[in-house]
Amino acid sequence: MKLHQHLIATAAIAMAAVLPAVSHAADPIVVLNENFNDIGALSNWQLINNSVPPGLSWSQGNAGVFPAPSGPASSYAAANFLSAQNGMGSIDNWLITPVVTLLGPSELSFFTRSASASGFGDTLEVRFAPGSGSGTAGFDTVLGVLGGISDYPTAWQQVISSVDYNGQGRFAFRYIGDASAANYIGIDAVLVTTVPEPGAYLMLLAGLGSLVLLRRRQLM
């Protein structure tokens, strides 16, 4: 076999070896998994209360109001009408994830519910911001809104939001509304997964092809 033919054959074998890894790597990668067993021990999360006037921040779940969907009964994050001082004013209470690195199509999944109480309503916005900053003004991408003009779920319900982004970013849960009309919500089982873009693997294969051509020029 001629030398250049041998090199091309070697490259073909290398590419064939890469393809199973490419298929496996297409599975979602978990970049964040938080079950809120201890709010006080959260690492790199940001709790920012912009309510007017500010009251309580996000806190450990109260099992007496309702239990977590799994695990210890109080293992969820909670916010309520006391986000504004004495339950009077405008609520704007943020729970912001650590920085995550996304590689393309990604999903944020979580469970949430409110306490069932006639005459009250809660609102939660799910937002995203590129980069590593935690300033609330940067979260200008709204991925979804729960409650508001529709009823907030009163039993634990899974919510999934999607974003297609490559780079660092943060997700945020923003509890908002008139404190006098708000009640109590919980969030649990926050999971962020990402799937590498196919282009990353095409670049890898293209690099192997370039290596073959370079070696051929050097050895001819």
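Residues numbered from 1 in each chain as written. Predicted model: local features only at pLDDT ≥ 70, side-chain atom pairs only at ≥ 80, totals over all residues. Heavy atoms only, no water.

(A) Quick peek at the overall build of the protein chain. For the protein chain, the helix and strand inventory stands at two helices and 10 strands. The helix and strand sequence of the protein chain, counted from the amino end, reads α-β-β-β-β-β-β-β-β-β-β-α. By the burial criterion, 39% of the 220 residues in the protein chain qualify as buried. Here the analysis covers contacts within the protein chain between residues at least 6 apart in sequence; of these, 80% occur between residues at least 24 apart. About 11,200 Å² of surface is accessible on the protein chain, with carbon and sulfur atoms providing 58% of the total. (Helix = DSSP H or I, 4+ residues; strand = E, 2+ residues; numbered from the N terminus. Buried < 20%, exposed > 50% of the residue type's maximum accessible area, 1.4 Å probe, protein only. Contact = heavy atoms within 4.5 Å. Areas by Shrake-Rupley, 256 points an atom, 1.4 Å probe, with all protein chains shown as cover.)

(B) Quick look at the pattern of salt bridges. Counted according to the given criterion, the structure contains three salt bridges. The closest approach of N and O atoms between R174 and D92, which form a salt bridge, is 2.7 Å. Within this pair, whereas R174 is found in strand β9 (residues 157–178), its partner D92 is found in strand β5 (residues 90–96), the two being separated by 82 residues in sequence. Note on accessibility: R174 and D92 belong to one class, buried. (Salt bridge = Lys/Arg side-chain N within 4 Å of Asp/Glu carboxyl O.)

(C) Structural view of the confidence of the model for the protein chain. Overall, the prediction assigns the protein chain a mean pLDDT of 85, with 79% of residues at 70 or greater. Below a pLDDT of 50 lies the segment residues 2–23, which in the model reaches 18 contacts outside its immediate sequence neighbourhood of four places, other chains included. Confidence over residues 208–220 falls short of pLDDT 50; this stretch has 12 contacts with residues more than four positions distant or in other chains. (pLDDT = per-residue confidence, 0-100.)

(D) Main features of the side chain of S51. Tracing the backbone shows S51 in the loop between β2 (46–49) and β3 (59–60). Among the polar contacts listed, one links the side chain of S51 to the side chain of N49, at a separation of 2.6 Å. Polar side-chain contacts of S51 include one of 3.4 Å to the backbone oxygen of S83. Among residues more than four places away in sequence, those in contact with S51 are S83, A84, S90, I91, D92 and N93. (Polar contact = N/O pair within 3.5 Å; in protein donor to acceptor, adjacent residues only side chain to side chain.)

(E) Structural context of the packing of aromatic side chains. Per the stated rule, a full pass over the model turns up 10 aromatic pairs. Relative to F173, the ring of F110 lies with its centre 4.9 Å away and its plane at 75 degrees, an arrangement referred to as edge-to-face. With F110 in strand β6 (residues 100–114) and F173 in strand β9, this pair connects stretches of sequence that are 63 residues apart. Side by side, F110 and F173 carry an identical accessibility label, which is buried. (Phe/Tyr/Trp six-rings, centres within 6.5 Å; stacked < 30°, edge-to-face > 60°.)

(F) Here's a closer look at the nonpolar core. Among the nonpolar cores identified, the biggest contains 31 residues, and F36, W58, F110, L124, F173 and V190 are the most heavily contacted of them. With five residues, β9 is the single largest residue contributor to this core. Counting six residues, the second-largest nonpolar core is a separate cluster that includes F66, A68, A115 and Y184. (Core = buried A, V, L, I, M, F, W, Y, C linked by side-chain atoms within 4.5 Å.)

(G) Structural detail: the pairing of β9. Of the strand pairs in this sheet, β5 and β9 are connected by seven bridges, and their pairing is antiparallel. Its bridge partner being in β9, D92 is matched across the sheet by I176. Taken together, the 13 bridges between β6 and β9 define a ladder with antiparallel strand orientation. What sits directly across from F111, in β9, is Q158. (Pairing = 2+ DSSP bridges.)

(H) Looking closely at the environment of A181. On the secondary structure map, A181 appears in the loop between β9 and β10 (184–194). Relative accessible area serves as the criterion here: at 34%, A181 is assigned to the partly exposed category. Expressed as a C-alpha distance, the spacing of A181 and G121, which sit 60 residues apart in the sequence, is 6.0 Å. With sequence-adjacent residues up to four places away left out, A181 is seen in contact with F120 and G121.

(I) Inspection of the side chain of R113 at higher detail. With respect to the element layout, R113 can be found in strand β6. No salt bridge forms around the buried R113; measuring N to O, its nearest opposite-charge neighbour D122 is 9.4 Å away. Of the polar contacts made by the side chain of R113, one reaches the backbone oxygen of T154; its length is 2.9 Å. The contacts of R113, once residues within four sequence positions are left out, are F66, Y152, P153, T154, A155, W156, Y184, I185 and G186. (Lys, Arg positive; Asp, Glu negative; His and termini not counted.)

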